[in-house]
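Residue-level listing of the chains:
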Amino acid sequence: MLHPWLVLSLQLPAAPSSARVAAWRRLKFVGAAGMTNGTWVLPHGAEHQKLFNEVASAVRGHGGQAFLFSAESLGPEEDAAVRKRFEEDRGREYDELAEHTGAFLQELERETALEKFTFAELEEVEDDFQKLESWLGKVRPRDFFAGERLQGAMAEIERCRAALAVFAAEVYAREGVTGGSDG
């Protein structure tokens, strides 16, 4: 079965670039796939249609042109190509998140090897962990065809959470606090 799509085609004047950058940022933030110069695609849905209408209105307000279409691929090859673009976009985000979760785990290993079991260090790594969770929280809603990559990212976040819990327990033990973070 072919997937229904929303297609937004837009063109903005070359100057000022701020309107073009604002449109690009908004479309990327929600996970729209850029197919060709000025052509963006999202899975068909009322929320995505509302967003595309808002972007189209802003583009027109800056002297540009925008056209919104509801479309269905004409064949499985085109449908697969559109889906692949979404998967590639999310894949790059998951790759970057994986780099940061790996760095987080390495940081905990370094701090453990140096025995830096202090509340200040714990606070710092807790902040870093919250950033990782927040990052996944931003990627997940725009992963319209979630699969193994999302599952892998969630597993890595859980590995980070477990490593952080071990580190926190050691901090509390070294600082003479019983009951962990509840105390």
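Reading the values: rules and limits
Residues numbered from 1 in each chain as written. Predicted model: local features only at pLDDT ≥ 70, side-chain atom pairs only at ≥ 80, totals over all residues. Heavy atoms only, no water. Phe/Tyr/Trp six-rings, centres within 6.5 Å; stacked < 30°, edge-to-face > 60°. Helix = DSSP H or I, 4+ residues; strand = E, 2+ residues; numbered from the N terminus. Buried < 20%, exposed > 50% of the residue type's maximum accessible area, 1.4 Å probe, protein only. Pairing = 2+ DSSP bridges. Axes fitted to C-alpha atoms, helices over the stretch in contact; angles between N-to-C directions. Expected span 1.5 Å × (residues − 1). Arc of directions from axis to C-beta. Contact = heavy atoms within 4.5 Å.

A. Examining the packing of aromatic side chains more closely. The full count for this structure, using the stated rule, is seven aromatic pairs. Summarising the aromatic geometry, the rings of Phe-117 and Phe-167 are spaced 5.3 Å apart at their centres and angled 40° between planes, so their arrangement reads as tilted. Of the two residues, Phe-117 sits in the loop between α3 (76-113) and α4 (119-139) while Phe-167 sits in helix α5 (residues 148-174), which places them 50 residues apart along the sequence. Pairing Phe-119 with Tyr-172 gives two aromatic rings, centres 5.7 Å apart and planes at 55°, and the pair type is tilted. Highlighted residues: Phe-119 in helix α4 and Tyr-172 in helix α5, separated in sequence by 53 residues. Of the residues examined, Phe-119 reaches a relative accessible area of 37% and is grouped as partly exposed.

B. Region of the structure containing the sheet that holds strand β4 (residues 65-72). Across the sheet, which stays open at both edges, the four strands sit in the order β2-β3-β1-β4 with antiparallel pairing between neighbours. One side of each edge strand has no neighbouring strand; the edge strands of this open sheet are β2 (33-36) and β4. If you compare each strand with its neighbour and ignore which way they point, the axes differ by 30° on average. Sheet analysis places strand β1 (residues 4-11) next to β4, joined by eight bridges and oriented antiparallel. What sits directly across from Pro-4, in β4, is Glu-72.

C. Structural detail: helix α1 (residues 17-30). Look at α1: 20 Å from first C-alpha to last across 14 residues, which is about the 20 Å you get at 1.5 Å a residue. Ala-19, Ala-23 and Leu-27 are the residues of α1 that are buried. For α1, the angular spread of buried residues about the axis comes to 60°, placing them on one side. Pointing more than 90 degrees away from the buried face of α1 are the exposed residues Arg-25 and Phe-29. Contact partners of the buried residues in α1: β1, β3 (39-43) and α2 (46-61). At the exit of α1 stands Gly-31, carrying a positive phi of roughly 95°.

D. Summary view of the side chain of Glu-121. Inspection of the secondary structure puts Glu-121 in helix α4. A residue is classified by how much of its surface remains accessible, and Glu-121, at 6% relative accessible area, is buried. Not counting residues up to four positions away in its chain, the partners in contact with Glu-121 are Glu-107, Glu-111, Lys-116 and Phe-167.

E. Layout of the pairing of β3. Burial of β3 is extensive: five of the five residues sit out of reach of the surface. By the alternation rule, side chains of β3 split into Thr-39, Val-41 and Pro-43 and Trp-40 and Leu-42, which are all buried. Summarising the sheet, β1 and β3 pair through five bridges and their orientation is antiparallel. In the sheet register, Trp-5 faces β3, and the bridge partner there is Pro-43. For β2 and β3, the ladder comprises three bridges, and the chain directions are antiparallel. Each residue of the ladder has a partner; that of Ala-33, found in β3, is Val-41.

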